[in-house]
Amino acid sequence: MPTEKGMSLIVRTVARLLAPVMLLVAAYIVLHGHITHGGGFQGGVLVSCTLLLLIIAFGVDYVEAKVTFNFGQVFRSAGATAIILVALVGLVFGFWFFKNVGVYPYGFPGEVFSAGSLTLYNLAEMANVSASFLVAFYVLIRFRRRGK
Amino acid sequence: MAEGLGFTLLFNLFLILSVVLAVIVVELRNLLYAAIVAGFYGLVIAVLYFLLQAPDIALTQVVVGVGLQTALLVIAISKTLRVEEGSRGLRFSMVWLIFLLAVILIFTVAYDFPGFGQPVGRVGQYYVENVLRDVGAWNAVGAIVWDYRGYDTLGETLVLFTAIIVALVVFRHAHGKGDEPNR
Amino acid sequence: MAVGASAATMAMSLLLLFETLKGNIVVHKMAGWSAPVGIILVVDGFNAFIASIIVGVVLAAAVFSIGYMRGEASLNYYYALVMLMLGGMMGVVLTGDLFNLFVFLEVMSISAYGLVAFKSYEMEPLEASFKYLIMGGTATTIILLGVALIYGAVGTVNLADIACRLRSGSLLPGVSGSLVLPVSLALLVTGFGLKAAVFPLHTWLPDAHPAAPSPISAILSGVTIKVGVYALFRILFVIPLNVDFAFAVAVLSVLTMTVGNVMAMLQTDIKRLLAFSSIANIGYILLALSVGLSGGTYGVYGLTSGLLHVLNHAIMKGLLFLTAGAIVHAAGTRNLEELVGIGHRMKATAIILVIGVLAMAGVPPFNGFISEFSILLAALGAGMGFFAALMLANILLAFSYYLRLLYILVWQAPRESLSTVRDPSPSMILPMSVLASLCIVFGVWPQPVLMLSHHAALSLLNLNGYIAASLS
């Protein structure tokens, strides 16, 4: 299994160069989710793809030492919990579950801090999605057929 | 709607390309190659979405259909068989079933829906016209996803959450609960 | 913690039930957007009735799990999945939005796949879960196609709005509904029919339900398939019918119950027998639905008896699966030939088993008799004598194999190998005895539940009130 040892120097160098760029794009997609296309889900998948690239290039042990399995679990649950909490704020202050209440910055349409709770939802969704797929990758890569 | 001969040509070219790639995916016996070609197929579909002016869906299709799906398929293939074995009888019957379903759908769409490019959608109209006043977000899709229909998105998040728990349950004997996998 | 959460949900759904009994329809607008724009939760008598049944069975199964699942690894995942499944089922039942219904159906189904495969160190649960996954995944895809076609034709996914638009015939400009509506209705019925294990699409059930841990079997057989039934009821009453669906549903129901009962007769595995019997009972409920679809006074009567049977079957089948779980847990096998006479060793379990089996077989003082008998009467009254006769034959068939089950488990002398078997712990006996006493209480004194299900049937038929409350 190549993913356990990592690949050649060329692949590693390219991955080292590509990973920050991919993370930057992901951050853009997430933080501008309410202004331009994309949002938490797309950004989160991109983050997890970046980590997958690192796993392929450097081996799963290298990545798992930096971003542990348990960290992924906690991050994933924190993201899902945060969505529900932000939605509950709408229930408490605005009477309806998920209501976009004035507690959050309303701003002017087009600014980074605008559109109320959308940014928070996008960030929480990014955390949930990226960590979810990371955990799935770890589980799948570590899995061995029975009897081997 | 982008109009003109160039658009029509490009659009139809990509439509034909998607069908050709789909047939190649089905016919390849080496599953690793099939997974890679499926990635290209996803890319073509993403371009089609983009040409139809749905860049949000196109972005999702690129990251999921090209990146994530290929990666998951390659990992799955590396754990199982790389070359398809056995007879193809079952697959042909499945193909016929899907073909039948597709024919039904195409007839439904062709006979009952208005022509290509005509605006439809009652609720959709409301979203587009009122999103800036209601939510204050430029990205109407984001506003629909997290405000108008936020509860649906919560449901989808729960689907992903549940699916990961299911994966952990099914594979928990391969990967321990903590950092130390059982090797 | 899971028990606490389900108890809290139980309290809330009972509150909702009492609120709807006053004739009110409770509406919650998600994010404050009213009906066609946003998602709304609409709770009328029908919803609240089904929701209370779901929570009750899940609560019993959660309490039972404390004793049954002791010693298993990763119990945190187990309870998380049970709660997610409860959340999914409640989401499906309470929502007033077709797409939202699909989303929560996915949550419910995916957690069900995981729970069926929970004992992933054995081969059988994995295989059963995979089969369930493939068939269920196809079903949800088909449902999504149906929802998409309806959205394309009507321009809305709100159930009340769809009903309103279709009744007044105001589709989107340029759309002619002559082909779209039948095709989308067919897709939806196929998908929900698979979730409800209706005859040609039932094949996943006898694998998935026995392979799951027993409390999960109780939830799956007791309420999860009823969610499919709920969706069928709702869809068939919301989308206007140009075709006479009553006859088609009646034919399907007779096929379903016959296949279920005949296959159940042949089983030697106690949980598989119960699973096939669930298919048969879905057939009974569908017959009541077809009586309800044919309309008139007997239509209301048929719906009432069908909903009563939803309640009764949830209680009885939940009870029987929990009892079977206790037996399997103690004896370590599901094979009836190795369980001969186990009732002599597990006295308390045996008493509960006798109550559950007699109720299931339709013996008079128990609750199963009331609802099966009233479905028969409703079918006769609606002029479906042929189907009623077939159902009577099916009930007699069910009676025969349940009698055989009792004979094997309780009557015959116990085997040598079972000499060390004892009754399970109190945390397992408690939910079983509660459900068993409910069987007796609802059999001897059925007026309150009859009133409830009559109210539920009336609010299902009160489409104008539903539309008015949803779109206000």
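All values reported here derive from a predicted model rather than from experimental measurement.

So, the overall build of chain A
Looking only at helices and strands, chain A features five helices and zero strands. Start at the N end of chain A and walk to the C end: the helices and strands fall as α-α-α-α-α. Classification of the 148 residues of chain A by burial places 51% in the buried group.

Quick word on the packing of aromatic side chains
This model, assessed by the stated rule, comprises 21 aromatic pairs over all chains. Judged by centre distance (5.0 Å) and plane angle (25°), the ring pair of Phe58(A) and Tyr62(A) falls under stacked. Under the relative-accessibility criterion, Phe58(A) is labelled buried at 11%. Taking relative accessible area as the criterion, Tyr62(A) reaches 41% and is therefore assigned partly exposed. Between Tyr121(A) and Trp146(B) the ring centres are 4.9 Å apart and the planes differ by 5°, which places this aromatic pair in the stacked class. Residue Tyr121(A) is found in helix H5 (residues 118-142), and its partner Trp146(B) is found in helix H6 (residues 140-148); the two belong to separate chains. On the basis of relative accessibility, which here comes to 0%, the residue Tyr121(A) falls in the buried class. Judged by its relative accessible area of 3%, Trp146(B) falls in the buried class. Chaining the aromatic ring pairs together yields one cluster made of Tyr126(B), Tyr127(B) and Tyr148(B). Above the face of the Phe161(B) ring, Arg76(A) is positioned so that its terminal group lies 4.8 Å from the ring centre.

What about helix H10 (residues 245-265) of chain C?
Residue and element names in this part refer to chain C. The end-to-end C-alpha distance of H10, which contains 21 residues, comes to 30 Å, matching closely the 30 Å that a straight helix rising 1.5 Å per residue would cover. All of the buried residues in H10 are Ala246, Val249, Ala250, Ser253, Val254, Thr256, Met257, Gly260, Asn261 and Ala264. Here the buried residues of H10 occupy an arc of 165° about the axis, which is enough to place them on one side. Residues of H10 that are buried sit in contact with helix H9 (214-238), helix H11 (270-293) and helix H15 (385-411).

Considerations on the nonpolar core
For soluble globular proteins, the rule of thumb is that nonpolar side chains tend to be buried together. Grouped together as the largest cluster of nonpolar side chains are 246 residues, with contacts concentrated most on Ile54(C) and Tyr402(C). For this core, the domains that each give at least three residues are domain 1 (1-120) and domain 2 (121-183) of chain B. What Ile54(C) contacts, discounting residues up to four positions off in sequence, is Leu86(C), Met89(C), Met90(C), Val93(C), Val223(C) and Val227(C). Counting nine residues, the second largest nonpolar core, distinct from the first, contains Phe7(B), Phe11(B), Leu21(B) and Val37(B).

Describing the pattern of salt bridges
Residues and elements named next belong to chain C. In the structure shown here, the tally under the stated rule is eight salt bridges over all chains. Lys131 is the partner of Asp207 in a salt bridge, and the nearest nitrogen-oxygen pair spans 2.7 Å. In this pair, Asp207 sits in helix H8 (residues 205-211) while Lys131 sits in helix H5 (residues 123-154), placing the two residues 76 residues apart along the sequence. With relative accessibility at 34%, the residue Lys131 sits in the partly exposed group. Across the pair Asp269 and Arg334 runs a salt bridge, and its minimum N-O distance is 2.9 Å.

What to know about the confidence of the model for chain C
Residue and element names in this part refer to chain C. Looking at chain C as a whole, the pLDDT averages 85, with 95% of positions reaching at least 70. At the low end of the mean pLDDT range in chain C sits helix H1 (residues 2-21), at 67; at the high end sits helix H4 (residues 98-116), at 92. As a predicted assembly, this complex carries a pTM of 0.89 together with an ipTM value of 0.84.

Considerations on the interface of chain C and chain A
Taken together, the 11 residues of chain C in the interface contact eight residues of chain A. For the pair chain C and chain A, the summed buried surface comes to about 670 Å²; carbon and sulfur atoms form 56% of the total. Across the contact surface, chain C and chain A share zero salt bridges. Applying the counting rule to chain C against chain A returns one residue pair in polar contact (both at pLDDT 80 or more). Broken down by secondary-structure element, the contributors of at least two residues to the side of chain C that touches chain A are strand E1 (26-29) and H5 of chain C.

Digging into unusual backbone geometry
We note that Gln53(B) has phi near 60°; this positive angle belongs to a residue other than glycine. Its location among the elements puts Gln53(B) in the loop between helix H2 (31-51) and helix H3 (55-79).

Overview of helix H2 (residues 45-68) of chain C
Under the 1.5 Å per step criterion, the end-to-end length of H2(C) is 34 Å for 24 residues, consistent within 8% with the ideal 34 Å. Burial runs high along H2(C): 21 of the 24 residues are buried.

Considerations on the interface of chain A and chain B
Chain A puts 53 residues into the contact, and the matching count from chain B is 43 residues. One can count zero salt bridges joining chain A with chain B. Connecting chain A to chain B are four residue pairs in polar contact (both at pLDDT 80 or more). Of all the secondary structure elements, the ones that give two or more residues to the side of chain A that touches chain B are helix H2 (40-58), helix H3 (60-66), helix H4 (69-94) and H5 of chain A. At 16 residues, H5(A) tops the list of elements feeding residues into the side of chain A that touches chain B. Its residues assigned to classes, the side of chain A that touches chain B comprises 29 nonpolar, 17 polar and seven charged.

Reading guide: rules and limits
- Once a new chain begins, its residue numbering starts again from 1 and follows that chain's sequence as written.
- Just so you know, chain letters begin at A and ligand numbers begin at 1, following the order they were written in.
- Totals for whole chains, interfaces and linings use every residue, but because this is a predicted model, local features are given only for residues with pLDDT of at least 70 and side-chain atom pairs only at 80 or more, for both listing and counting.
- With hydrogens and water set aside, each side-chain value is computed from the structure's full complement of heavy atoms.
- The secondary structure listing takes helices from DSSP runs of H or I that are at least 4 residues long and strands from runs of E that are at least 2 residues long, numbered from the N terminus.
- Remark: exposure states derive from per-residue accessible area (1.4 Å probe, protein chains only) relative to the maximum for the residue type, with buried under 20%, exposed over 50%, and partly exposed in between.
- Here a Phe, Tyr or Trp ring, Trp counted by its six-membered ring, pairs with any other such ring whose centre lies within 6.5 Å, and the pair is stacked when the planes are under 30 degrees apart, edge-to-face when over 60, and tilted otherwise.
- Think of it as a cone above the ring: NZ of Lys or CZ of Arg counts as a charge over the ring if it is within 6 Å of the ring centre and within 35 degrees of the ring normal.
- Between the first and last residue of a helix there are one fewer steps than residues, each counted as 1.5 Å, and that sum is the expected span.
- Summarising the geometry, the arc corresponds to the directions from the helix axis toward the C-beta atoms.
- In what follows, a contact means two residues having at least one pair of non-hydrogen atoms within 4.5 Å.
- In plain words, nonpolar cores are sets of buried Ala, Val, Leu, Ile, Met, Phe, Trp, Tyr and Cys residues tied together by side-chain atoms within 4.5 Å.
- Throughout, the edges of the domains are those of an automatic or database domain assignment.
- Whenever a carboxyl oxygen of Asp or Glu lies within 4 Å of a side-chain nitrogen of Lys or Arg, that contact is scored as a salt bridge.
- Every residue carries a pLDDT, the predictor's confidence in it, which falls somewhere between 0 and 100.
- Accessible surface is computed with a 1.4 Å probe, and the buried area is the amount of it that two parts give up when combined, taken over both parts together.
- Here a polar contact is recorded for every N or O atom pair within 3.5 Å, except that within protein the pair must consist of a potential hydrogen donor and a potential acceptor, and residues adjacent in sequence are included only if both atoms are side-chain atoms.
- Gly falls in the polar group here, along with every residue not listed as nonpolar (Ala, Val, Leu, Ile, Met, Phe, Trp, Tyr, Cys, Pro) or charged (Asp, Glu, Lys, Arg).

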